[in-house]
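Descriptive structure summary
Okay, here's what each chain looks like letter by letter:
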Amino acid sequence: MALDNVGEIINLENELEDDVQAETHGGVDSNETLHINEVIEESGSLVGVVAEKWEELYEIYKRHSQEIGFSIRKSGVRRADAPGAPEFEGYFVCSCEGQHGNGKKAKPSLATNGQGKKNVMTRCFCKANVRIQVNTKGVWKVLSHTLEHNHPLTPPPMATSPSFREENYGCRRLKMKSIEGGDASTLINLLTSRQAEDPGFFFRVQFGEDGRLCNVFWRDSMMKEDYLLYHDVVIFDTTYRTNRYNLICGAFVGINNHWSNVMFGFAFLANERQESFEWLFNAFNESMGLDTVPVSIFTDQDLAMNNAIEKIYPTTRHRLCQWHIQQNAISHFGLLKHDRTFQNAFNKCLNGCYNENEFEETWSKMISDYGLQKNEWFQRLYGLKHKWSTALNKYYFSAGILSSQRSESTNHAIGFQATKTTSLTEFYHIYEGTVKRWRGEEERKEFNCIRSTPTSAYPLVDLLQHASQVYTLELYSLFEKEFVVAMGTRAVILPTEDPILVYGVDPPGVSGSTHHVTFDCANMMVDCSCRKIQEMGIPCFHIIRVFHMHSVFEIPTRYILRRWTKFAKREVWSRLLPNDMCRAVANGSLNWRRSLMTKLYNLITKCQNEPEARTIVDKLYTTANDEVQKLFKAKLIIEEPSSDLAPNSTTVLDPLRSVTKGRRKRKESSIGKKKSAKKSQQNAATHPQLYTPIPRLL
């Protein structure tokens, strides 16, 4: 068989779509057909599997790769010119086969790829592949199958990465209709259904004296797993009210090992009273376990929330959102809001001071220079300095968060489709879609961490290599930036009588920025006066500079936070996967699906050349599909809620609906203003909780 080695390697997908369009003569020989499951179970190899089209073999290999834990791609094919030789011989390979740049050495660089992301290496010369060939009858067959990989395999939960994820468009879930009980009843039934599907699902509901829905909290089982891993920092914001009942939407948000948002729970609150927040925090603790409390919690400036946190979380460091403080400060600056020097001084007090002494000096100078000694707002702000100044929170882990902007991004993500007429059930579905999107992004990042290695301008530095093996891609990028800064700093050893070394490290040309690093070589213990390693959880550039001077090739284990590593959630994945597989095997769905797919494929193959047989199969499919649709519709009927959901009521009553703004009203006369004031007083007497001013810390 004569083969051209140069210029004959072509793209498999394009070539086969062009050349294998006509219907092939003949079919797969019945003696040559092999049961796919039997072949895989017997040897793990696909050798001998045959199909009418190469696409079918590709799908088989793709299913095989998903169960093993790797992704695949189409490689090239070779065409034979000799008479009687096979027309095509193609390859499906592991996605880690070969190397980037067509064999050219990649140029290391710290620059990004133009989209704000660093390039990573995903190919490592893996030899795992499948070789297929088509015979003169047009039948495709697997000739060889190399099973060995030279890289770690991906845990199957991430085997649905977007690079080879299968979407099932044939079976679309029917939209659930609202029941007559109202919006609140539908929401309760949705939560009850979720609890039946997910044994770890948790929700609590509180009702008013009139039986109306007041407060709701829920979280699913994965949110609890995430909280147990990343509970050290929690962001809770209640500034979002986009729904038809004007309920407060509160999202508990954390930061995962990929520096991304992760949802811990969600709530609707009827008001911002202290007892409502205490009920919510107690429900949150009940759902997560009382032994795991946050190290730091970020909120807005609500006074009732502050009192509830001090009561429920006495050991947690309560931090105020700096973004809200900055927005609130603008309204109190007056003419100073145009003074750039004043703004710089104020921002330095917020997050630019390294210690308490520097903060006190900066604050006193700012107050004195601008004559703010008698300003009540600045006096109250100074009284809360331990809640907002980063200089006074260096010893508390906060994941480097300066404000609750991550929680605000949560609100923007959920509220993208929400309006002031959005019902509770509609908001619930929007929320579920947001969580699903976040988790899909998390799985993609987990997959990329396992199958790729970050590039670096310093590929021979052992400390960076160790960091790339331990940290996720996002955290490695932060560590590398610290390393680059460290290479430009100068370190001077300071005299001391102790055996522990003390260095003064500072960037050149920056006065007053020297920090002291203490280093115990014998015990590999280090500390820095900037406290970033306590606050952020990764070594600062001062420490990295000292490590580099002493040829420390690996980050000491005591300074590697598991929450930032690639392995942070590995135990969760390994535990959840067997449970899911066991449930699938227990109810027979996994084996039934595989068996039925094989049977239907064989039936279709037999009937493809007989018009009468095809007609019979089409009729049977139509009948079966109609019966299944009827079954699904019957399953979607939801029973009326029981009477024990709300006191003295057979259904859950909706919250009082708020009146949204319509078109601009004309200017009222004095008589109209008196009527409006009288009506407001009557409404306030009837529903005082809707008209009580909200006390604020600032």
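Throughout what follows, the structure given in this document is the object of discussion.

Rules of the game
- The residue numbers shown here count from 1 along each chain, following its written sequence.
- Local features are withheld for residues below a pLDDT of 70 in this predicted model, meaning they are given only at 70 or higher, and side-chain atom pairs are given and counted only at 80 or more; totals for whole chains, interfaces and linings count all residues.
- Side-chain measures were taken over the full set of non-hydrogen atoms in the model, leaving aside hydrogen atoms and water.
- Secondary structure elements follow DSSP: runs of H or I no shorter than four residues count as helices, runs of E no shorter than two count as strands, and numbering proceeds from the N terminus.
- Per-residue accessibility, obtained with a 1.4 Å probe over protein chains only, is compared with the maximum for each type, and a residue is labelled buried under 20%, exposed over 50%, and partly exposed between these values.
- Any pair of residues with heavy atoms lying within 4.5 Å of one another is described as a contacting pair.
- Only the protein chains shown count as cover for residues, and all accessible areas are computed by the Shrake-Rupley method using a 1.4 Å probe.
- Here, nonpolar core refers to any group of buried Ala, Val, Leu, Ile, Met, Phe, Trp, Tyr and Cys residues whose side-chain atoms link them within 4.5 Å.
- Centres within 6.5 Å are what make two rings of Phe, Tyr or Trp a pair, Trp counting through its six-membered ring; a difference in plane orientation under 30 degrees is then read as stacked, over 60 as edge-to-face, and the rest as tilted.
- What a helix is expected to span follows from its residue count: subtract one and scale by 1.5 Å.
- By construction, the arc corresponds to the directions joining the helix axis to the C-beta atoms.
- The term polar contact refers here to a pair of N or O atoms within 3.5 Å; inside protein, the definition further demands a hydrogen-donor-capable atom paired with an acceptor-capable atom, and it admits residues adjacent in sequence only when both atoms are side-chain atoms.
- Axis definition: a line fitted to C-alpha atoms, limited for helices to the stretch in contact. Angles are taken between N-to-C directions and run from 0 to 180 degrees.
- Each angle receives one of four descriptions, namely roughly parallel if under 35 degrees, roughly antiparallel if over 145, roughly perpendicular if within 65 to 115, and oblique otherwise.
- Throughout this entry, Asp, Glu, Lys and Arg are counted as charged residues, while Ala, Val, Leu, Ile, Met, Phe, Trp, Tyr, Cys and Pro are counted as nonpolar. The remaining residues, Gly among them, count as polar.

**Brief notes about the overall build of the protein**
Summing up its helical and strand segments, the protein has 22 helices and 19 strands in all. The burial tally for the protein puts 43% of its 698 residues in the buried class. Across the protein, every contact between residues at least 6 apart in sequence was considered, and the portion connecting residues at least 24 apart equals 67%. Surface exposure of the protein reaches about 38,400 Å², of which carbon and sulfur atoms provide 52%.

**Overview of the nonpolar core**
Note on soluble globular proteins: their nonpolar side chains tend to be buried together. If you look at the biggest cluster of nonpolar residues, it comprises 65 residues, and the most contacted ones within it are Trp-218, Phe-268 and Tyr-471. In terms of residue count, helix α14 (residues 424–451) provides more of this core than any other element does, 6 residues in total. Among the nonpolar cores identified, the runner-up in size contains 27 residues, and Ile-248, Ala-283, Ala-308 and Tyr-313 belong to it.

**Here we look at the packing of aromatic side chains**
Under the criterion given, the structure shown has 41 aromatic pairs. Pairing Phe-236 with Phe-252 gives two aromatic rings, centres 4.5 Å apart and planes at 25 degrees, and the pair type is stacked. Linking Phe-236 in strand β10 (residues 233–240) with Phe-252 in strand β11 (residues 248–255), this pair joins segments that are 16 residues apart in sequence. Among the residues examined, Phe-236 registers a relative accessible area of 0% and is labelled buried. Judged by relative accessible area, Phe-252 falls into the buried class, the value being 1%.

**Regarding helix α10 (residues 356–369)**
Helical geometry: 3.6 residues make up each α-helical turn, so side chains three or four residues apart lie on a common side. The end-to-end C-alpha distance of α10, which contains 14 residues, comes to 20 Å, matching closely the 20 Å that a straight helix rising 1.5 Å per residue would cover. When we look at burial in α10, the residues that qualify are Phe-359, Thr-362, Trp-363, Met-366 and Ile-367. End-on view of α10: buried residues confined to an arc of 125 degrees, all on one side of the axis. Opposite the buried face of α10, at more than 90 degrees from it, the exposed residues are Asn-357, Glu-361 and Lys-365. Where α10 is buried, its residues contact α9 (340–351), α11 (376–383) and α12 (385–388). Its side-chain oxygen at 3.3 Å from the backbone nitrogen of Asn-357, Asn-355 defines the N-terminal cap of α10. Positive phi shows up at Gly-371, right after α10, with a value of about 60 degrees.

**Comments concerning the packing of helix α8 (residues 322–333) against α11**
For the pair α8 and α11, interaxial distance at closest approach is 10 Å and the crossing angle is 155 degrees. One element, α8, and the other, α11, form an angle in the roughly antiparallel class. Note on element contacts: α11 touches α8 through Trp-377, Phe-378 and Leu-381, opposite Ile-325, Asn-328, Ala-329, His-332 and Phe-333. Taken together, the residues that form the contact of α8 with α11 break down as 6 nonpolar, 2 polar and no charged.

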